[in-house]
Structure formats: C-alpha cells, structure tokens
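Chains, contacts and geometry: an overview
In case you want the letters, here they are:
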Amino acid sequence: MAENLSRRSFIQNLGVGIGTTAAAFAIPSIVSIPESKPKYEGRKLGIALVGLGSYAKNQLAVGLEKTTNCYLAGIVTGTPAKAEEWMKKYNIPKKNVYNYQNFDQIADNKDIDIVYVVLPNSMHPEFVIRAAKAGKHVMCEKPMANTVEECQEMIKACKDAGVQLGVGYRMHFEPFTKEVIRMSREKVFGDLRFIQSNFGFRIGDPTQWRLKKAMAGGGPLMDVGIYCVQAARYVTGKEPLAVTAQFGPITDPERFKDVEESVSWQFDFPDAVTVNGFTSYKTNIEQLFITADKGFMHLSPAYSYGPIKGRTSQGDLHLPVVHHQANMLEAICKEFLETKQFPPHISGEEGLKDARILSAIYEAAGNGKKIKLV
Ligand code: NDP
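The rules we used
Residues numbered from 1 in each chain as written. Predicted model: local features only at pLDDT ≥ 70, side-chain atom pairs only at ≥ 80, totals over all residues. Heavy atoms only, no water. Pairing = 2+ DSSP bridges. Helix = DSSP H or I, 4+ residues; strand = E, 2+ residues; numbered from the N terminus. Contact = heavy atoms within 4.5 Å. Axes fitted to C-alpha atoms, helices over the stretch in contact; angles between N-to-C directions. Salt bridge = Lys/Arg side-chain N within 4 Å of Asp/Glu carboxyl O. Buried < 20%, exposed > 50% of the residue type's maximum accessible area, 1.4 Å probe, protein only. Near = heavy atom within 4 Å. Polar contact = N/O pair within 3.5 Å; in protein donor to acceptor, adjacent residues only side chain to side chain. Areas by Shrake-Rupley, 256 points an atom, 1.4 Å probe, with all protein chains shown as cover. Nonpolar A, V, L, I, M, F, W, Y, C, P; charged D, E, K, R; others polar. Domains from an automatic or database assignment.

An order of E3-E2-E1-E4-E5-E6 is seen for the six strands of this open sheet, with the pairing classed as parallel. What marks the edges here is a single partner per strand, and that holds for strand E3 (97–98) and strand E6 (165–167). Here strand E1 (residues 45–50) runs beside strand E2 (residues 70–76); their pairing, made up of six bridges, is parallel. Across the sheet, Ala48 pairs through a bridge with Gly74, a residue of E2. Where helix H2 (residues 54–64) meets the sheet, its contacts fall on E1, E2 and strand E4 (114–117), and the angle it forms with E1 comes to roughly 175°.

This part takes up the pattern of salt bridges. All chains considered together, the criterion is met by 21 salt bridges. Residue Arg233 is joined to Asp354 by a salt bridge in which the shortest nitrogen-to-oxygen separation is 2.7 Å. Separated by 121 residues along the polypeptide, Arg233 in helix H8 (residues 220–236) and Asp354 in helix H10 (residues 348–367) bring together distant segments of the chain. Here Arg233 matches Asp354 in class, with each residue buried. Between Lys257 and Glu254 there is a salt bridge, and its shortest N-O distance comes to 3.4 Å. Here Lys257 matches Glu254 in class, with each residue exposed. Residues joined by salt bridges that share partners form a network here, namely Arg233, Glu239, Glu350, Lys353 and Asp354.

Two elements, strand E7 (residues 192–202) and strand E11 (residues 282–292), share nine bridges in a ladder whose sense is antiparallel. Within E11, the position partnered with Ile195 by the bridge is Ile290. Both E11 and strand E12 (residues 295–299) contribute to a ladder of five bridges, which runs antiparallel. Across the sheet, the residue bridging to Thr291 is Phe296, located in E12. Counted along the chain from E11 to the antiparallel partner E12, the turn is two residues long.

What follows deals with the site of the ligand. Taken together, 29 residues sit near the ligand, with Thr77, Thr79, Lys82, Tyr100 and Asn121 positioned nearest. Measuring from an oxygen atom of the ligand, one finds a backbone N or O atom of Leu119 at 3.2 Å. Burial of the ligand by the protein chains amounts to 83% of its free accessible area of 890 Å². When contributions to the shell around the ligand are tallied by element, the ones reaching two or more residues are H2 and H8. Partitioned by chemical class, the residues of the shell around the ligand number 13 nonpolar, nine polar and seven charged. The residues that make up the shell around the ligand include at least three from each of domain 1 (45–169) and domain 2 (171–321 + 347–372).

Before going further, it helps to spend a moment on unusual backbone geometry. Following Lys142, the chain continues to Pro143 via a peptide bond in cis, the omega torsion being -15°. With respect to the helices, strands and loops of the structure, Pro143 is situated in the loop between strand E5 (137–140) and helix H5 (148–161). Non-glycine residue Asn91 carries a positive phi angle of around 55°. Inspection of the secondary structure puts Asn91 in the loop between helix H3 (80–90) and E3. Since its relative accessible area comes to 69%, Asn91 is described here as exposed. One non-glycine residue with positive phi stands out, namely Lys340, at about 70°. Here Lys340 shows up in the loop between helix H9 (324–339) and H10. Residue classification places Lys340 among the exposed positions, given a relative accessible area of 59%.

Written out as structure tokens, the structure reads:
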C-alpha cells in the first residue's frame, strides 16, 4: 500500500472497519438492521456529532442514516463550509448547528439527547465535560482521553451531571467478535493459552494530528493498538496482571519525531494466558489469533470496518455482516430507551481501564521493566 494513503483510504481499501471491552463485558444481543423489518414506531433519540472529520463523515453520519431509533439531529463544527454542506445533506435545521464557542447553548436544545464527540483525542475531555454540564448524555470516541486523570475527570463530570457516558467501542456489537467472545468464554476449544493481537497501518500525511503527541497522546498504540488491548480483555473477560513492552525501531525519523512508530507488548493474564500485542504506523497488519487447548479462533480483518472475516479450527465462521456504526448506535440507543442507561460494557469506566493499560505499556516500553497492573 502506498505510503501516502490516508488512514481512511487504507481502511476503505482493506474493506474493513476499526472499535471495543472487559471484565464487565456482558455479551449484547446482535442488533441486525434488515431492510424488511417492521417500521420502528418508537421514540427516536437525537444525536449531535461534534467534529465533522473523516470518522464522523464517512462512518457515523452514514450509520445514522441506517438506524431506526436515533438520527443525526445536530452538528458541532469549527468549519462554516461543513455546516452548510451538512445542513443541506442531512436536513439539519440551523438552530441545531453549533461551533466550538457557542456549543454550551446546546443545553437549551430539546432535539439533542446525545452528544457524540468525534474530535482529536486531546479535545475529548473538554467537550465531554462541556456536554455533561449542558445536561446531555455523551458518547466519546476512543481513546477516551490521553491520560488516566482526564478519564477520571470525564467520568466525574458525567456522574455529577447525572448523564450517561459511553465510549464508541463498536467491536462490542460486531457479530464475528461476539462469536469469538462467546466461544472463548464458554471454552468451546478448551482453556485459552495464547492470544496474538496486531493492528497497524501505514500512516499518510506527516502533518496530521495523529503524529503529534500533544493531540494524539501517543502514536499507533493510542489510535489502533487500543483495539488489541480491548480484544485481550473482551476475549478473556479478565484484566491483565502485568505487562512488558518494547518500542520498535524508528525507520522514518521525520514522521516519527513525536510519537512511536511501533510498539510490541506482552501481557500476563490470569489462568496462565499469554497475550502478545503489536501496533504500528508503518505496517499493514490486522488480526486476532486465539489458541486454546483443543483448537483456535482467528479473525482477520479483526478490527476495521468490515467485513470482518473469521475461522476456527472447525472451519469458516458465517455470520451477518453489519454496518458497524449503525449496529453500535442502534444497540446503544435501544438499551438507553429501555433502561435509561448505556450498555455498561462501553462505559467511561471501561475507557478508563484501557487508559491505565495504555499508560502501563508506554511505561514498560520506556523503562524496560515489567509493570504490574494489579
Ligand atoms: P479527523 O482529523 O478526520 O477529524 C477531526 C475533526 O475534528 C476535524 O475534521 C475538525 O472538524 C475537528 N477539529 C477541531 N479542532 C481540530 C484540530 N485542532 N485539529 C484537527 N481537527 C480538529 O479525525 P478522525 O475523524 O479520523 O478521528 C476523530 C476521533 O475519532 C479520534 O478520537 C479517533 O481516534 C476516532 N476514530 C475512531 C474510529 C473508530 O473506528 N471507532 C475510527 C477513526 C477515528 P470540524 O472541521 O468539523 O471542526
């Protein structure tokens, strides 16, 4: 793949999609959205997307056109031309359009139930906290924030305001992923022994925020390595006990002045399960391989937008292919409409657990020591 392909076109070329959890991971029911299902007559939740970049435009907005119980009700953008374009395209009234300065006025807007923050990572805490103070439920893209402390502040702000906080862990709702989780937890192939989880791609534009530590929090680990961390947690349903890690060589010093080019890590998990992870901004790789006493499970692609493909030692997996973002939003809104809560397995606490682990991987890679996580 050409070096200068953008992340979006890489994902499109792969034909797959990226998102996901953990100890508290209760396997949600598959929410498929067949064309022929009866018309949904219930309440529809209004969602406002904050930051109209590549993920909001090419995935979330597209997904929101496919959902039945929620819709794109508003937008928050710093780019007036995008506001004009989106208002026309999605029939959004001007009163539901905000910029980053007047965003707090969203508090008075009854059309907006959920604010979905899709900004560069460093901006997540500010906008999640402002949304919470405006009394809106909040979805936040991964990684939830660049530091553990920021995650804690975001959780507190949402608790204080009495609003729900969720992280856009879309793999939690994806059928192949859920099947691998089920088979692992039910020990269909016996006790798990080893998990290999890799996710990397060749990053394009050298000026983008993903290569600036102050905005991204780090390199590929923050961006896509988080999927591998998530996978280890949702497959086992357990938390890592300790981690060792190593930064890979810098082969492109101009591009990787500020963040790692790649990093590998090794988790000790309970029950003697070993997990190896690798993430890179210089290598196209995407797989989740799980070996157990009596067989194996393999997803590749495993984390991007789909179709996810899977096989086990018993043969190929045949499962529905879903639009990840539509599938996730439909499931989250269904749960919220029924229980007034977001699914617990995508909560802010889950985002915080990942932030702790990502921070420990950086610490271990930095000092060469094994870092205990419990
Ligand atoms: P983009 O760079 O494509 O878009 C970010 C948008 O944020 C911009 O278009 C802009 O929107 C707004 N923005 C505001 N201030 C800045 C700034 N200083 N620099 C850059 N952008 C700014 O990023 P992505 O859409 O790819 O990623 C956004 C978030 O979504 C990240 O947290 C990322 O990790 C996550 N993500 C999640 C994926 C998933 O599968 N779950 C996949 C891809 C990304 P505007 O012009 O409207 O103000």
